[in-house]
Amino acid sequence: MANKYICEQDILCGVRTAKDLNNLSELEEKHLPVITAPERVKRNQIFEVTIEVGKLRPHPNEPGHFIEWIELYSGDTFLFRVSLSGSLSFPKVTIPVKLTHAHGPLKAWGKCNLHGLWENSKEIEVEE
Ligand SMILES: [Fe+2]
């Protein structure tokens, strides 16, 4: 998976993804949002999606360094956003979701206040 829209000199520029999912760097392990969801769902049926930043390697969760928010999309369709307060919350959310007309892989974004925006995705099959 290639990084897109990024400036290597400024970590806050663009969206970062894993360069090689089989050989993640420490920075990638700390920041990639991990999506847990069924492999297959029925259209219009509610299911739960969990997104956790720091599941692969713990991310700091302190006043000066924390995950600010987590968003989920189906393809490019926005599903939800959760704002976090740093040391008073933990970057793991579970939200019920229903896919009506949305399609495409689930795509999560997590925003670190120091290390920018990170993206991960998960394929999901939607049965009619
Ligand atoms: Fe960070």
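Relevant structure appears above.
These numbers were taken from a predicted model, which means no experiment stands behind them.

1. Observations regarding the overall build of the protein
Turning to step 1, where the next piece is worked out: A tally of helices and strands in the protein yields 1 helix and 10 strands.
Turning to step 2, where the next piece is worked out: Computed over the C-alpha atoms, the radius of gyration of the protein is 15 Å, within 12% of the 14 Å expected from 2.2 N^0.38 for a compact globule of 128 residues.
Turning to step 3, where the next piece is worked out: Based on the C-alpha atoms only, the size of the protein along its principal axes is roughly 45 × 35 × 25 Å.
Turning to step 4, where the next piece is worked out: Expressed as a percentage of its 128 residues, the buried residues of the protein come to 43%.
Turning to step 5, where the next piece is worked out: Contacts spanning at least 24 positions in sequence make up 58% of the contacts within the protein whose residues lie at least 6 apart.
Turning to step 6, where the next piece is worked out: Approximately 7100 Å² of the protein is accessible, and the part contributed by carbon and sulfur atoms is 51%.
Turning to step 7, where the next piece is worked out: On the protein, the mean spot of the 15 positive side-chain charges and the mean spot of the 18 negative ones are 3 Å from each other.

2. With respect to the coordination of the iron ion
Each pair of donors in an ideal octahedron of six around a metal sits at 90 or 180 degrees, and each pair in an ideal tetrahedron of four sits at 109.5 degrees.
Turning to step 1, where the next piece is worked out: Bound to the iron ion on the protein side are His31 (NE2), His59 (NE2), His65 (NE2), Cys112 (SG) and His115 (ND1), at distances that span 2.1 to 2.3 Å.
Turning to step 2, where the next piece is worked out: Binding-site remark: the iron ion is held by donors from one chain whose sequence spacing is H-x27-H-x5-H-x46-C-x2-H. Pair noted here: histidine 31 is in helix α1 (residues 26–31) and cysteine 112 is in strand β8 (residues 106–112), with a separation of 81 residues, a long-range link. When sorted by exposure, histidine 31 lands in the same class as cysteine 112, which is buried.

3. Concerning the environment of leucine 72
Turning to step 1, where the next piece is worked out: Residue placement: leucine 72 occurs in strand β5 (residues 67–74).
Turning to step 2, where the next piece is worked out: Residue leucine 72 is classed as buried on the basis of its relative accessible area of 0%.
Turning to step 3, where the next piece is worked out: Note: C-alpha distance between leucine 72 and isoleucine 11 (61 residues apart in sequence) is 21 Å.
Turning to step 4, where the next piece is worked out: Filtering out sequence-adjacent residues up to four positions away, leucine 72 remains in contact with Ile35, Val49, Ile51, Thr77, Phe78, Leu79, Phe80, Val97, Leu106, Lys107 and Ala108.

4. Quick word on the side chain of lysine 111
Turning to step 1, where the next piece is worked out: Structurally, the position occupied by lysine 111 is in strand β8.
Turning to step 2, where the next piece is worked out: Lysine 111 gets classed as buried once you look at its relative accessible area, which sits at 19%.
Turning to step 3, where the next piece is worked out: With residues near it in sequence (within four places) discarded, lysine 111 still touches Phe66, Ile67, Glu68, Trp69, Gly116 and Leu117.

5. Notes on the environment of arginine 40
Turning to step 1, where the next piece is worked out: Examined against the element boundaries, arginine 40 turns out to sit in strand β3 (residues 40–42).
Turning to step 2, where the next piece is worked out: Between the C-alpha atoms of arginine 40 and arginine 16, which are 24 residues apart in sequence, the distance is 27 Å.
Turning to step 3, where the next piece is worked out: If we skip the residues at most four places from it in the chain, arginine 40 touches Glu125 and Glu127.
Turning to step 4, where the next piece is worked out: Of the polar contacts made by the side chain of arginine 40, one reaches the side chain of glutamate 127; its length is 3.5 Å.

6. Comments concerning the sheet that holds strand β7 (residues 92–98)
Turning to step 1, where the next piece is worked out: Read across the sheet, 3 strands follow the order β2-β4-β7 without closing on themselves; strand pairing throughout is antiparallel. The open sheet terminates on both sides in strands that have one partner only, identified here as β2 (33–36) and β7. Across this sheet, the average inter-strand angle for adjacent strands is 25°, counted without regard to direction.
Turning to step 2, where the next piece is worked out: Where β2 meets strand β4 (residues 46–53), 4 bridges bridge the pair, whose relative direction is antiparallel. For threonine 36, the partnering residue across the bridge sits in β4 and is threonine 50.

Scoring rules and cut-offs
Residues numbered from 1 in each chain as written. Predicted model: local features only at pLDDT ≥ 70, side-chain atom pairs only at ≥ 80, totals over all residues. Heavy atoms only, no water. Helix = DSSP H or I, 4+ residues; strand = E, 2+ residues; numbered from the N terminus. Rg over C-alpha atoms; globule rule 2.2 N^0.38 Å. Buried < 20%, exposed > 50% of the residue type's maximum accessible area, 1.4 Å probe, protein only. Contact = heavy atoms within 4.5 Å. Areas by Shrake-Rupley, 256 points an atom, 1.4 Å probe, with all protein chains shown as cover. Lys, Arg positive; Asp, Glu negative; His and termini not counted. Charge placed at Lys NZ, Arg CZ, Asp CG, Glu CD. Donors = N, O, S within 2.8 Å, 3.2 Å for Na, K, Ca; no water. Polar contact = N/O pair within 3.5 Å; in protein donor to acceptor, adjacent residues only side chain to side chain. Pairing = 2+ DSSP bridges. Axes fitted to C-alpha atoms, helices over the stretch in contact; angles between N-to-C directions.

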